[in-house]
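# A structural walkthrough
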Amino acid sequence: MKAWQLQAFGRENLVLNDIPQPTPGPGEVLVRIASVSLNYRDKLLYDGNYNPHLEFPMTQVADAVGEIVALGPDASRFKVGDRVVTNYCTRWIDGRPTSKESLYTLGNVMPGALAEYLVLTEQALALAPSYLTNDEAAALPCAGLTAWYSLVEKGGLTSKQTILLQGTGGVSLFGLQIASAFGATTIVTSSSDEKLDRAKTLGATHTINYSKNPDWEKQALAITNKEGVDQILEVVGGPNLARSIKAIRPEGQISIIGVIEGFDATIPIFGLIQKLGILRGITVGPRRALEDMLRKFDELKLRPVIDSVYSFADALQAYDRLEQGPFGKIVIRVRD
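Below: a short report on this structure. What you are looking at is a predicted structure, and each value in this text was computed from that prediction instead of being measured. (Residues numbered from 1 in each chain as written. Predicted model: local features only at pLDDT ≥ 70, side-chain atom pairs only at ≥ 80, totals over all residues. Heavy atoms only, no water.)

## Notes on unusual backbone geometry
- A cis geometry characterises the amide bond from Phe56 onward to Pro57, with omega recorded as -5°.
- Turning to its location among the elements, Pro57 is positioned in the loop between helix H1 (40-46) and strand S4 (58-59).
- The phi angle at Glu251 is positive, at roughly 65°, despite the residue not being glycine.
- Its location among the elements puts Glu251 in strand S13 (residues 248-256).
- In the Ramachandran plot, Leu276 falls in the positive-phi region, its phi being about 55° despite a non-glycine side chain.
- Relative to the helices and strands, Leu276 is located in the loop between helix H8 (269-275) and strand S14 (278-281).
- Look at Leu276 and you get exposed, because its relative accessible area is 52%. (Helix = DSSP H or I, 4+ residues; strand = E, 2+ residues; numbered from the N terminus. Buried < 20%, exposed > 50% of the residue type's maximum accessible area, 1.4 Å probe, protein only.)

## Digging into the packing of aromatic side chains
- Enumeration according to the criterion identifies 5 aromatic pairs in this entry.
- Measuring from ring centre to ring centre gives 4.9 Å for Phe9 and Phe56, while their planes differ by 85°; the resulting arrangement is edge-to-face. Linking Phe9 in the loop between strand S1 (2-6) and strand S2 (14-18) with Phe56 in the loop between H1 and S4, this pair joins segments that are 47 residues apart in sequence.
- For Phe9, a relative accessible area of 29% puts it in the partly exposed group.
- Over the ring of Phe327 we find Arg198, and its NZ or CZ is 4.0 Å from the ring centre. (Phe/Tyr/Trp six-rings, centres within 6.5 Å; stacked < 30°, edge-to-face > 60°. Lys NZ or Arg CZ within 6 Å of the ring centre and 35° of its normal.)

## Some details on the environment of Ile33
- The topology assignment puts Ile33 in strand S3 (residues 28-38).
- Exposure remark for Ile33: the relative accessible area of 2% places this residue in the buried category.
- Taking the C-alpha atoms as reference points, Ile33 and Thr205, separated by 172 residues in sequence, lie 37 Å from one another.
- Once residues within four sequence positions are removed from consideration, Ile33 is found in contact with Ala64, Val65, Gly66, Ala113, Ala115, Glu116, Tyr117, Leu118, Val334 and Arg335. (Contact = heavy atoms within 4.5 Å.)

Pasting the structure below:
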């Protein structure tokens, strides 16, 4: 089969290889991949910033949808023909993770899904909602579950809350859609007025252009009558985290997801203490939460925002688009 593999760190070292088609072992299934989607993590991986000990060659990408075409011994959760999506943390089924359950991720320590076929434990898969296309279903697992797990499971999302979403990447737009569906007030930040206008069509209650308002936290406080926001999806990291702390209300929660501006941050500790603020690191979520999210998405008929779709042969162009900062998810169609 064909697979896009990283041969060494650097985007230029992502190549299309012919490799043996895998065979499912006990408790595993063989999935014929239909579509995959990219995440910012994929850029961190090939830049060498996510896992400096990555073993090469490594087949890329964690998010995928496909059809089960073979079952290994003792595999019983699915049947041949089922359409399934991958769960990012392949060994985190439910409950509190151990120190290692969140580490076994596709395209990182395990071969990823940017290939014609994938063998994976049946425990790391969930049924794809029937109302979604393959391209849409592939966009859900990582970004969608990250937003869901942050806002709903850990943040107790309600219609009375005000949620601040940073930027217009996959996680933030899923957060916007989920918060809007729950009736919450939403604030979206971006450096692009055009992207902010598009966010309004998805339900953004308020928008802030942070290139025009560098102290965006002051505007967020003004919008909330100086009370602060209930939750923030912190996808920027670095110095931005200090601004997020200033923008939350007492006992507000900041879900730390991204590191676009840096892996380290200096924060106003006394300000955080005064607000009884909650800083919570988020590594997507367990399969049980993914299944809960998929049921709710099916009920609400939520559809992910797709920035662009590329063919399997044009995967490198999809990675180029990732570098440019998409509005929503980038999909690679492995099989028509």
